[in-house]
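What follows is each chain in one-letter form.
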Amino acid sequence: MAEDDLSMKKFDLYIKASAIDKETKGSCPICQQFFMITCLLGESQDDIDFKVFTVQAECPPKYFADGWSKKYPVVMVNSGRNKKSVDISGLMYDTFEELEEFFDGIINDDNKVLKRNNTPNQTAMKVVQNLYKYFNHYIASDPEKNPGPEKTLKAELKKLNEYLESQDFLFMVDNVLSFADCHLLPRLQHIRVAGKAYHNFEIPKELSYIWRYLKRAYAQDAFKSTMPSDQDIIFHYQKKAPKQPRINGKPMGNPTLAQFTYTNDVPDENLLALDSEDVDDLPPPQPLEKSAPPSQTNGEPEDGAAPSTHGAGDDESQADDESRTLIHGSVDDDSAKPDENPASPMQTNGAVEDSASVGSGSTNDPAD
């Protein structure tokens, strides 16, 4: 392969599919985390060409290597060299350490906020490192019998609120989304949506800096367009929670029959404690490189909506023999890998394909 051909990093990102419709984006927060990183790379680097595929965990594509770790997300490199000029064509990255190595090797210095191991991200990660763990303890508890897990969760949220108050940036470490944001936001969305469904839990309105942070984040396409549905998120915890979920005070019912919804608003009353200038300094929405990925339902994108993926897989579900791909904005009905179990495409540098994917980077988080 010619040297010029390797200057472009071309890779496929495989994320878990919905546990509900088996095709659209699933609920795995780790997968969304690295889907976000991939999208942000695609926005800001001209040398990134990627596709994102949804796959059912129990039925991975046949072309996955025998030594595959059985974890998601997975990156398979089609062609390219990393920053050390090492040819990484044909390599597969599927553990957290390998994924981190892959992305660190393709992220330009201008995008250092997307690297886990820079000082601002390391500081921010220490603030939230236990938040999702304590949420999982809480969701599995019965608050009426044991109020301890809820108190611990609220204490972690208060710590996050104080950290956000102390920052002069729009987000955790900068005025653009960083690695720490990509880690936190999917988990914060789970806390908001699943906490409400199972325990009628609300992030306290007095934690106004968290609410302002969420309001800013919902304006960012890299977060909003990679977000799983509320139903996916709720279904994610069904086996863990002691109670049946409720939506708007009513039992959730069969998730396969429900129309997907997406919680992405912030009540004005939750921002009343802030000065008006603190509320109105929202950054403009950051479009994906060519156009925001259309929402996708059962393989068919809806223009103008964030790509949806009917489903909420848990951190072990993924894709089946069919995978679907997103491509930064449009969907094709072509499969990405001929003759093999294709993954459902989600996004790839501006277009969404039914069996192709989005392109731009992701990693596993061992903590989840």
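Okay, so let's go over this structure. (Residues numbered from 1 in each chain as written. Predicted model: local features only at pLDDT ≥ 70, side-chain atom pairs only at ≥ 80, totals over all residues. Heavy atoms only, no water.)

On to the environment of Phe-201, then. If you trace the backbone, Phe-201 turns up in the loop between α7 (179–199) and α8 (208–218). Measuring from C-alpha to C-alpha, the distance between Phe-201 and Ile-139 comes to 9.8 Å, with 62 residues separating the pair along the chain. (Helix = DSSP H or I, 4+ residues; strand = E, 2+ residues; numbered from the N terminus.)

Moving on to helix α2 (residues 29–44). Between its terminal C-alpha atoms α2 stretches 23 Å, which fits the 22 Å expected from 16 residues at 1.5 Å a residue. For α2, the tally of buried residues reaches 14 of 16 residues, placing the bulk of the element in the interior. (Expected span 1.5 Å × (residues − 1). Buried < 20%, exposed > 50% of the residue type's maximum accessible area, 1.4 Å probe, protein only.)

To continue, consider empty space enclosed by the protein. A complete count under the given rule lists 3 cavities of 30 Å³ or more for this structure. Roughly 50 Å³ of internal volume is contained in the second largest cavity. With 4 residues, the top contributor of residues to the lining of the second largest cavity is α8. Looking at the lining of the second largest cavity residue by residue, the class counts come to 6 nonpolar, no polar and 2 charged. (1 Å grid on protein atoms, 1.4 Å probe; cavity = no way out; pocket = protein on both sides within 12 Å on 5 of 7 lines; lining within 4 Å. Points joined across faces, edges and corners; volume = space filled by probe spheres on them. Nonpolar A, V, L, I, M, F, W, Y, C, P; charged D, E, K, R; others polar.)

What follows covers the pairing of strand β3 (residues 74–79). Among the 6 residues of β3, 5 are classified as buried, and the element is accordingly described as predominantly covered. Relative to β3, strand β1 (residues 9–16) is paired through 5 bridges, and the arrangement is antiparallel. If you follow Tyr-14 over to β3, its bridge partner there is Val-74. The sheet contact formed by β3 and strand β4 (residues 92–93) spans 2 bridges and is antiparallel. (Pairing = 2+ DSSP bridges.)

Moving on to the side chain of Asn-121. Within the element layout of this structure, Asn-121 appears in helix α4 (residues 119–128). A polar side-chain atom of Asn-121 sits 3.3 Å from a polar atom in the side chain of Ser-178. Of note is the side chain of Asn-121, whose polar atom sits 3.1 Å from the backbone nitrogen of Ala-180. With sequence-adjacent residues up to four places away left out, Asn-121 is seen in contact with Lys-112, Val-113, Leu-114, Lys-115, Arg-116, Val-173, Ser-178, Phe-179 and Ala-180. (Polar contact = N/O pair within 3.5 Å; in protein donor to acceptor, adjacent residues only side chain to side chain. Contact = heavy atoms within 4.5 Å.)

Helix packing geometry: the angle between the two helix axes and the distance between the axes. For the pair α2 and α7, interaxial distance at closest approach is 9 Å and the crossing angle is 140 degrees. On the basis of their axis angle, the class for α2 and α7 is oblique. For the crossing formed where α2 meets α7, the hand is right-handed. On α7, the residues that touch Pro-29, Ile-30, Gln-32, Gln-33, Phe-34, Met-36, Ile-37 and Leu-40 of α2 are Phe-179, Cys-182, His-183, Leu-185, Pro-186, Arg-187 and His-190. Class assignment of the residues belonging to the contact of α2 with α7 gives a composition of 10 nonpolar, 4 polar and 1 charged. (Axes fitted to C-alpha atoms, helices over the stretch in contact; angles between N-to-C directions. Parallel < 35°, antiparallel > 145°, perpendicular 65-115°, else oblique. Left-handed = near helix turned anticlockwise from the far one by under 90°.)

By the element assignment, Lys-196 lies in helix α7. Separated by 38 residues in the primary sequence, Lys-196 and Ile-234 place their C-alpha atoms 9.3 Å from one another. Once residues lying within four places of it in the same chain are set aside, the contact partners of Lys-196 are Ile-191, Phe-201, Glu-202 and Arg-246.

This next bit is on the pattern of salt bridges. Side-chain pairs of opposite charge can arise whenever the charged atoms involved come near each other. Under the criterion given, the structure shown has 9 salt bridges. A salt bridge links Lys-9 to Asp-47, with the shortest nitrogen-to-oxygen separation between them at 3.0 Å. Taken together, the residues Lys-9 in strand β1 and Asp-47 in the loop between α2 and β2 (48–55) connect sequence positions 38 residues apart. An identical accessibility class is assigned to Lys-9 and Asp-47; each is buried. Here Arg-116 makes a salt bridge to Glu-100, at a shortest N to O gap of 3.7 Å. Of this pair, Arg-116 sits in the loop between α3 (96–106) and α4 while Glu-100 sits in helix α3, and the two are 16 residues apart along the sequence. Since its relative accessible area comes to 17%, Glu-100 is described here as buried. (Salt bridge = Lys/Arg side-chain N within 4 Å of Asp/Glu carboxyl O.)

In short, shape yes, function no, at least from these values alone.
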